[in-house]
Amino acid sequence: MGVTTLLDEPRRSVAVRESVNPYENALHQLEIVADHLKLDPGLHEVLKHPQRELTVNFPVKMDDGTTRVFKGYRVQHNVSRGPSKGGIRYSPKTDLDEVRALAMWMTWKCAIVNIPFGGAKGGVLCDPRSMSMGEIERLTRRYTTEISHVIGPDTDIPAPDAGTTSDMMAWVMDTYSMHRGHTVPAVVTGKPVEVGGSEGRVDATGRGVVIIAAQAADVLGFSLKGARVAVQGFGNVGSVAARIFAERGAKVVAVSDAYGGLYNPDGLDIPALLACARKDGTLTTHSGGKPMSNSDLLEADVDILVPAATENQITSQNAHLVRAKLVVEGANGPCTPAADRIFFDRGVALMPDVLANAGGVIVSYFEWVQDLQSFFWQEAEVNTRMEQMLLRAYHDVVNVAVRDEIDMRTAAYVIGVNRVAKAILKRGMYP
Ligand code: NAD
């Protein structure tokens, strides 16, 4: 396969639109692939809408004795291929449309890597950085209670996402189990290993990002060894990806978090930055590099750019300023459809989120399987199986991209949407 096959022009019969609303962008991406597949309009209509949306408003006792009411969501986009799966996000900016977009992306992601799940997502409008652990625990337990009638090991299985951690997933599991009267580890993934979590889950998303980056770099004619990398976001996905890039000989020259970034052309000391972020809650207090803004990081002179923070970071406003030759989406939805188009026009290779960050949900699937069987695997086995599944999906997507002469995101969607559509058709319409 030649370099150009990753870079070929996308189909142009659907005019490109861009929105600050992630759900609008998700619908637009679906429209592009529906047009390419000549999808039945009725089926397209079904896929546009989440199957179930739950909004909850619930009280939490704060440390100062006051009561605050929080708003939360759980959206299940499609369950044709199995129970729905998707993380829970705690963020001061989340809303129903963001959660809808994230749920839809989960449907495609699970289908692309061919695991037997549909897509879902949860969100709570809150700022976990300004809350105590006690407040977050009470919020997590009450939110779990509010959504407990729509989640379960056979129905919908949450996991961590931005703003949530494995400890919070232990509270989800404990709360759900208290309601059921017995321990139900398989209700949630991304738990600590002490309560049925999987070895390798914490690193899985970042590890998958590096696996996909290595494959794409190979096609583009360079190796990770010595490659200059910038990573936006230093949480579960970004910090692990940065660490594994560095372990594989890449020079991670720029990293950032919500407070700002750091740049060092000789390569940043990632273990030291991890220690700093753990201690201070941000990497910006570290002295090992020059301060750099998040927007400058996206435009840094690097080979590989990994946006691993949040949506809409690369848009029609800045895609033409990105200097990386390879962009690997660690976050969900960091590039808008207009940015995708600019990258194609400029010959920048883009590895889409639904493939590049799927290592996490693959190992979440393994965790669910292990919990249901009460039989646990060694980390090496988890990592090997994850890599096999992710590489199979990568090659499937590349083959479709070559066959149909389309870009990697559209090719990934062709596989995902096709698998979901076939499941819907095989099941038939009830009643
Ligand atoms: P996290 O909360 O652990 O970390 C997020 C990081 O991004 C933090 O360092 C935060 O400071 C930083 N950040 C937030 N807003 C920023 C901004 N505007 N600019 C720069 N940095 C910013 O979250 P995470 O779990 O690492 O998730 C990050 C992204 O990856 C999200 O889009 C999430 O949906 C996606 N994702 C996560 C997983 C997973 O397993 N956790 C799996 C697949 C995809």
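Residues numbered from 1 in each chain as written. Predicted model: local features only at pLDDT ≥ 70, side-chain atom pairs only at ≥ 80, totals over all residues. Heavy atoms only, no water.

Caption draft 1: Structural detail: the site of the ligand. Among the 21 residues in the neighbourhood of the ligand, the closest are listed as Asp-161, Gly-163, Thr-205, Val-237 and Asn-332. Within the contact set of the ligand, an oxygen atom lies 3.0 Å away from a backbone nitrogen or oxygen of Phe-234. Within the backbone of Gly-330, an N or O atom sits 3.5 Å from an oxygen atom of the ligand. Within the complex, 82% of the 830 Å² of free accessible area of the ligand lies under protein. Secondary-structure elements contributing two or more residues to the shell around the ligand are helix 7 (201–220) and helix 8 (236–247). (Near = heavy atom within 4 Å. Polar contact = N/O pair within 3.5 Å; in protein donor to acceptor, adjacent residues only side chain to side chain. Areas by Shrake-Rupley, 256 points an atom, 1.4 Å probe, with all protein chains shown as cover. Helix = DSSP H or I, 4+ residues; strand = E, 2+ residues; numbered from the N terminus.)

Caption draft 2: Here's a closer look at the sheet that holds strand 3 (residues 84–91). One open sheet accounts for 5 strands, arranged 1-2-4-3-5; its pairing is mixed. Lying at the two open borders of the sheet, with one neighbouring strand each, are strand 1 (52–61) and strand 5 (156–160). Sheet twist, expressed as the average angle between the axes of neighbouring strands with direction ignored, equals 25°. Of the strand pairs in this sheet, strand 3 and strand 4 (residues 118–125) are connected by 6 bridges, and their pairing is parallel. (Pairing = 2+ DSSP bridges. Axes fitted to C-alpha atoms, helices over the stretch in contact; angles between N-to-C directions.)

Caption draft 3: Representation of the packing of helix 14 (residues 379–404) against helix 15 (residues 408–427) in the model. In contact at an axis separation of 8 Å, helix 14 and helix 15 are set at 110° when each is read in the N-to-C sense. By the criterion of interaxial angle, the relationship of helix 14 to helix 15 is roughly perpendicular. Contacts from Tyr-394, Asp-396, Val-397, Val-398, Val-400, Ala-401 and Arg-403 of helix 14 reach helix 15 at Met-408, Ala-411, Ala-412, Val-414, Ile-415 and Arg-419. Here the residues of the contact of helix 14 with helix 15 sort into 10 nonpolar, no polar and 3 charged. (Parallel < 35°, antiparallel > 145°, perpendicular 65-115°, else oblique. Contact = heavy atoms within 4.5 Å. Nonpolar A, V, L, I, M, F, W, Y, C, P; charged D, E, K, R; others polar.)

Caption draft 4: Main features of the nonpolar core. Counting residues in each nonpolar core, the largest one holds 96 residues, and the members touching the most others are Trp-108, Phe-245, Val-255, Ile-304, Leu-326 and Val-328. Split by domain, this core shows at least three residues from each of two domains, domain 1 (50–189) and domain 2 (202–356). Contacts of Ile-304, omitting those with residues within four sequence positions, involve Phe-222, Leu-224, Ala-227, Arg-228, Val-229, Ala-230, Phe-245, Ala-324, Leu-326 and Val-328. Phe-58, Ile-151, Met-169 and Val-172 belong to the second largest nonpolar core, which has 26 residues in total. (Core = buried A, V, L, I, M, F, W, Y, C linked by side-chain atoms within 4.5 Å. Buried < 20%, exposed > 50% of the residue type's maximum accessible area, 1.4 Å probe, protein only. Domains from an automatic or database assignment.)

Caption draft 5: Quick peek at the confidence of the model for the protein. On average, residues of the protein score 96 in pLDDT, and 97% of them are at 70 or above. Predicted confidence is poor over residues 1–11, with pLDDT under 50, and the contacts of this stretch with residues over four places away or in other chains come to 33 contacts. (pLDDT = per-residue confidence, 0-100.)

Caption draft 6: Expanded view of the sheet that holds strand 10 (residues 304–307). Overall, mixed pairing links the 7 strands, which are arranged 9-8-7-6-10-11-12 in an open sheet. Strands with a single pairing partner mark the edges of an open sheet, and in this sheet they are strand 9 (290–292) and strand 12 (349–351). Recorded for the sheet is a direction-independent mean angle of 20° between the axes of neighbouring strands. Sheet topology note: the strand 7 (residues 251–257)/strand 8 (residues 260–263) ladder contains 4 bridges and is antiparallel. Residue Ser-256 lies in a different strand from strand 8, and its bridge partner there is Gly-261.

Caption draft 7: Fine view of helix 13 (residues 359–373). With 15 residues, helix 13 extends 21 Å from end C-alpha to end C-alpha; this agrees with the ideal 21 Å at 1.5 Å per step. Once helix 13 ends, the next one or two residues include Ser-374, with phi positive near 50°. (Expected span 1.5 Å × (residues − 1).)

Caption draft 8: Fine view of the packing of helix 13 against helix 14. Packing of helix 13 against helix 14 brings their axes to within 10 Å, and their N-to-C directions diverge by 130°. When the axis of helix 13 is compared with that of helix 14, the two are oblique. For the crossing formed where helix 13 meets helix 14, the hand is right-handed. Here helix 13 contributes Gly-359, Ile-362, Val-363, Tyr-365, Phe-366 and Gln-370 to the contact with helix 14, which in turn contributes Val-382, Arg-385, Met-386, Met-389 and Leu-390. (Left-handed = near helix turned anticlockwise from the far one by under 90°.)

Caption draft 9: Spatial organisation of the pairing of strand 6 (residues 228–232). With 4 of 5 residues buried, strand 6 is to be regarded as a mostly interior element. Across 5 bridges, strand 6 lies against strand 7 in parallel orientation. Counterpart to Arg-228 in the pairing with strand 7 is Lys-251. What joins strand 6 to strand 7 is helix 8, and the crossover it makes is right-handed. With 4 bridges joining them, strand 6 and strand 10 adopt parallel strand pairing. By the bridge assignment, Ala-230 is partnered in strand 10 with Leu-305. (Right-handed = clockwise from strand over helix to strand, strands pointing away.)

Caption draft 10: How the structure looks around the domain arrangement of the protein. With domains assigned, the protein is organised as domain 1 (50–189) and domain 2 (202–356). Taking only C-alpha atoms, the centre of domain 1 and the centre of domain 2 are 27 Å apart. Of the roughly 820 Å² buried between domain 1 and domain 2 on both sides combined, carbon and sulfur atoms contribute 54%. Its largest share of buried area at the contact with domain 2, domain 1 owes to Trp-105, Lys-109 and Arg-129, together 53% of the area lost on that side. Linking domain 1 with domain 2 are 1 salt bridge. A salt bridge links Arg-89 to Glu-311; its shortest N-O distance comes to 2.7 Å. Considering every element that reaches the side of domain 1 that touches domain 2, the biggest residue donor is helix 4 (residues 96–112), with 6 residues. Of the residues in the side of domain 1 that touches domain 2, the class split is 4 nonpolar, no polar and 6 charged. (Buried area = accessible area lost by both parts, 1.4 Å probe. Salt bridge = Lys/Arg side-chain N within 4 Å of Asp/Glu carboxyl O.)

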